[in-house]
Structure formats: C-alpha cells, structure tokens
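# Geometric and topological summary
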Amino acid sequence: MRRLFLFTFISSSLALLTFYMQKPNTFVNDEGVLIPEEWTAKNEQPQTSSKYRRRVDQAMLSIPEWYLVFSPNEQADYFEHTTASSFPYMRQNAQIWDIHKIVKTYTDTNLTRYKYNGEYQLMIYVINSSCSAEYVTKAWYERVVGRLTDTKTVETDEDRFTARYTKDYVAFINDNFWYEFDFKDRLKRLWTETSFFDNHFFRKLERKYFLTSELMVKWGYGKLIKMGAETMHGPDDTYTMVLVDKLPKKLKKNYDIVEDYPDKSVLLRLNRYARFNPEIVQLAEDKLTFREISGNNAAIFVSLKVPANKFFSTSYTENIFSQPIPSEPKKKRIVLAVLVKDLNRMLLKVKEEHYDVEHVFDY
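The next subject is the nonpolar core. Judged by nonpolar contacts, the single largest core of 89 residues is most densely connected at I280, F301, L343 and M346. With 11 residues, helix α2 (residues 58–79) is the largest single contributor of residues to this core. Setting aside residues up to four positions removed in sequence, I280 forms contacts with V242, L270, F290, I293, L343, L347 and V360.

Next up, the structure:
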C-alpha cells in the first residue's frame, strides 16, 4: 500500500501541474450548483426495499468514473483510422479535472443535501490521478518520440493491435472494473500476433516498446489498486431496481418483475452499468413512468452526445456542463440533471431530436 500511495502522490502532483497549464475544455452556464437544492434530497419515504437502495449522491459521484470509460472509447474510435501519436490526450486530461472540480462542488459543499462520502471521494481522486498521469505521460511521449516514427494512418500490425486492444478494453470496462482486464494476455499477444520484420520497421519497434511498457505498467498497477478498490466500492451489485407507476399486463412478460404493489406500481430489475442504458430507454419507449430508481426520486444525471452546434434544453431539465469531444470535433457531450419522475419524457425527447444517450448514471 505504501507504493500505491507514493505513486498516487507523484502522479497527482504531475497531473495537477499539467491541469493548471491547460485551457478550459469543459463549459458550465454559471458557477456553483445549478440545480435546486431539493433535487439533491434523500427520499425519506422510499417504496423500494432497503436492500435495493443506493445513496442519492451516487448518480453524481459516478460521473468521473464513467468519463474514464468515455475517454478510452473515444480513443478506440480514433485509433481505427489514425495512429495514437496524434491523439489529443492533454485535452482529455484537462476534462478529467474539470469534471472532478464540478463534482466536488456538488458533493463536498453545503450547497446541496448530499452527505459527504469520503471513501468514494478518495477512490475517485486515486483513479483520476492515475488516469491523468497516464494521459500526460502518453502525450509527452507521443510528442517527443512517437511523432518521429508516426505514419499518420494505421499502417503497422502494432497500430492495428492498439486499435483492437483499446476497443476490447472499452467493451470490458463497460461492465467490469478496469483492473480485472487481462493485460498479461494482451502483452503475450502483442509479441505473438504481430510481425517483427515488415514495412515501417522503426515504427514497429517503437510501438512494441511503447505497448510493452504500457501493458506491463497497467498489469502491475492493476494488481496494486485491486487491493484497496474492493473495500471502497463495496460488493459489486450488477442490478438496478426501477419502480414504475404501473406495468400493463401485455408488457409483464418483457421485464424481470421483483414485486407488485397494491397501488399497481411495479418494481423491476434492470441490469446496471452500460446495459442499463438500452433497458431504461426501452421502458420509456413503452410509455412507462418512473417513480424511483434504486430507491431515489431526486435528480438523476444523463450524458448526451449531440452535434457541436446544437443544444438540448427543456423546462424540466438543468444542464450541468458540456464538453467538446477531442476526437470528434463535430460533436459535444452534454451532462444534464432531471428528476426521476421526468426521466421518461426526457429520454423520449432525446429520441425525437435524434440525439444519442451516452449514459444514464444509475446511482
């Protein structure tokens, strides 16, 4: 654990130094908390059983975690056609800390009714610091070394390996913790599935060195972080309970029903993490209305991907922040808040306007 804390301290210092050298890459309409205080209140009379409830602040606290899924996903899309040597890592690094600052404003002040969650805040700081250190290191390396061998477009086995490995990694972390990914196997495959002699020989050697270093560091650091992460996360619950006002008989065979209540409301079991998105959207498309999600009826947060020159706004939502997407200049991300009771009509409005729901942060 001493090594873990030493690494975290060094990486944090490096990441924060770099952050303060960056221009803002995240935009908010105003300073401070942008949602009504009552939107952050705990549900005092939840209908959902206590064993299925989660803290009301979990929706906000999970935003930084999910950015660490969004950012490698953007990298994976970019690496399919362009080498990693030109990727804008520093802009993603700035966005990590922009989000961190916003989340702290909501969860570490007396401006909301959220209760301070020290362990979760520490976990977020550790993973932000380590990811930030990774992006800073990659940015400097690519700027100094990678550009010397860069082919611009994907020409070598190693650059194609980077694209496949990053895409597989993103698919894995959508439903699993990053440190459970098998970096050791990818290291082996790097040396057994790519040729040694071929066109762009110096690029191949340089990429082999770069990827070997990355995979070895992540393999070792993943083992260290795993020691404390399970304690901070608690047990891994892979389901989210959603209480709907009513469920027509013709739809009951389509859903996993946990409990029927006398007032005709129904508690449904949905998958958590990435699989929650299509399932909650389907509920909205089936014209179901939501009363509680994980026992909460306060604000839930949603991330949208929209054209860079477009906006999304309604009378019942509040925009928290927006971000340009570094790898897709024609798109931007909008994170907004909406009460659980209004989530269904917001999702239908998004579909009507042909925007993409990137993620619903399900507590």
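Moving on, we get to α2. Compared with an ideal rise of 1.5 Å per residue, which puts 22 residues at 32 Å, α2 spans 32 Å between its outermost C-alpha atoms and is within 8% of the ideal. When the local axis directions of α2 are compared, the greatest deviation, roughly 35 degrees, occurs at P64. Burial of α2 is extensive: 20 of the 22 residues sit out of reach of the surface.

Before going further, it helps to spend a moment on the pattern of salt bridges. Counted according to the given criterion, the structure contains 35 salt bridges. For the salt bridge of E134 with K218, the shortest nitrogen-to-oxygen distance reads 3.0 Å. Of this pair, E134 sits in helix α4 (residues 118–149) while K218 is found in helix α7 (residues 201–233), placing the two residues 84 residues apart along the sequence. With a relative accessible area of 23%, E134 lands in the partly exposed category. For K218, a relative accessible area of 12% gives the class buried. Between D260 and K252 there is a salt bridge, with its nearest N and O atoms 3.8 Å apart. Beyond isolated ion pairs, a larger network of salt bridges with shared partners links E142, D159, R203, E206 and R207.

With antiparallel pairing, four strands are arranged side by side in an open sheet as β2-β3-β1-β4. Two strands lie at the open edges of the sheet, namely β2 (257–260) and β4 (290–293), each paired on one side alone. On average, adjacent strands in this sheet sit at an angle of 25 degrees to one another, irrespective of strand direction. The strands that helix α8 (residues 276–285) touches are β1 (239–244), β3 (266–271) and β4; relative to β3, the one it contacts most, it runs at about 145 degrees.

Moving on: the confidence of the model for the protein. Of the residues in the protein, 91% have a pLDDT of 70 or more, and the chain-wide mean is 90. Considering each helix and strand of the protein separately, the mean pLDDT is smallest for helix α1 (residues 2–19), with a value of 54, and largest for β4, with 98.

The rules we used
Residues numbered from 1 in each chain as written. Predicted model: local features only at pLDDT ≥ 70, side-chain atom pairs only at ≥ 80, totals over all residues. Heavy atoms only, no water. Core = buried A, V, L, I, M, F, W, Y, C linked by side-chain atoms within 4.5 Å. Buried < 20%, exposed > 50% of the residue type's maximum accessible area, 1.4 Å probe, protein only. Helix = DSSP H or I, 4+ residues; strand = E, 2+ residues; numbered from the N terminus. Contact = heavy atoms within 4.5 Å. Expected span 1.5 Å × (residues − 1). Bend = angle between axes of the 7 residues up to and from the residue. Salt bridge = Lys/Arg side-chain N within 4 Å of Asp/Glu carboxyl O. Pairing = 2+ DSSP bridges. Axes fitted to C-alpha atoms, helices over the stretch in contact; angles between N-to-C directions. pLDDT = per-residue confidence, 0-100.

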